[in-house]
Amino acid sequence: MCGSPKQLLGAAAGAGLAFLTGGASLALGAGLGAVAGGLSDQADAGKQAADAQKAASDTAVATATKQADQADQANNRANGKQPDIASMSSSNAMAAKGGVSGTMLTGPQGVDPKTLLLGKTTLLGG
């Protein structure tokens, strides 16, 4: 009997089944085992084909993503944005005309240095 290892294993399983049933169905059991082994080979081939298809799909997705990134970068290079230095300068000049600025917490006068003293004269406190 020639065949793949799985077919031979299936035939052996069929022979074992025939032994358990009293030997009357030895040929039938061996034949069914060989068929089961052949079906297993077909399932393995189908799995290999599905794995190959998934790998090809993953490669195609990676290639498409890379091409989209390259197109986006080329578009950004071609349509680069320049800062409007004149408007920034004029808005800074207008803000400087308003006088001394402060934060929302301190106001324009800043923080009174007397409030920072902790009551002791130390190197850290003043």
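If you're wondering where the values come from, they're calculated on a predicted model, not measured in any experiment.

Thresholds applied
Residues numbered from 1 in each chain as written. Predicted model: local features only at pLDDT ≥ 70, side-chain atom pairs only at ≥ 80, totals over all residues. Heavy atoms only, no water. Helix = DSSP H or I, 4+ residues; strand = E, 2+ residues; numbered from the N terminus. Buried < 20%, exposed > 50% of the residue type's maximum accessible area, 1.4 Å probe, protein only. Areas by Shrake-Rupley, 256 points an atom, 1.4 Å probe, with all protein chains shown as cover. pLDDT = per-residue confidence, 0-100. Contact = heavy atoms within 4.5 Å. Salt bridge = Lys/Arg side-chain N within 4 Å of Asp/Glu carboxyl O.

**Q** Which residues make up the overall build of the protein, and what are the values?
**A** When helices and strands are tallied, the protein shows 3 helices and 0 strands. Element order for the protein, N to C, with α for helix and β for strand: α-α-α. The buried share of the protein, reckoned over its 126 residues, is 9%. Accessible surface for the protein amounts to roughly 10,400 Å². Of this, 65% is attributable to carbon and sulfur atoms.

**Q** Account for the confidence of the model for the protein, with residues named and values stated.
**A** Mean pLDDT over the protein: 75, with 58% of residues reaching 70 or higher. Contacts from residues 25-30, a stretch scored under 50 in pLDDT, to residues over four places away or in other chains number 8 contacts.

**Q** Let's hear about the pattern of salt bridges: which residues, and what values?
**A** As enumerated under the stated definition, the model contains 2 salt bridges in all. Between Asp51 and Lys47 there is a salt bridge; the shortest N-O distance is 3.3 Å. With Asp51 and Lys47 both in helix 2 (residues 26-78) and 4 residues apart, the pair spans about one turn of that helix. Under the relative-accessibility criterion, Asp51 is labelled partly exposed at 43%. Exposure remark for Lys47: the relative accessible area of 51% places this residue in the exposed category.

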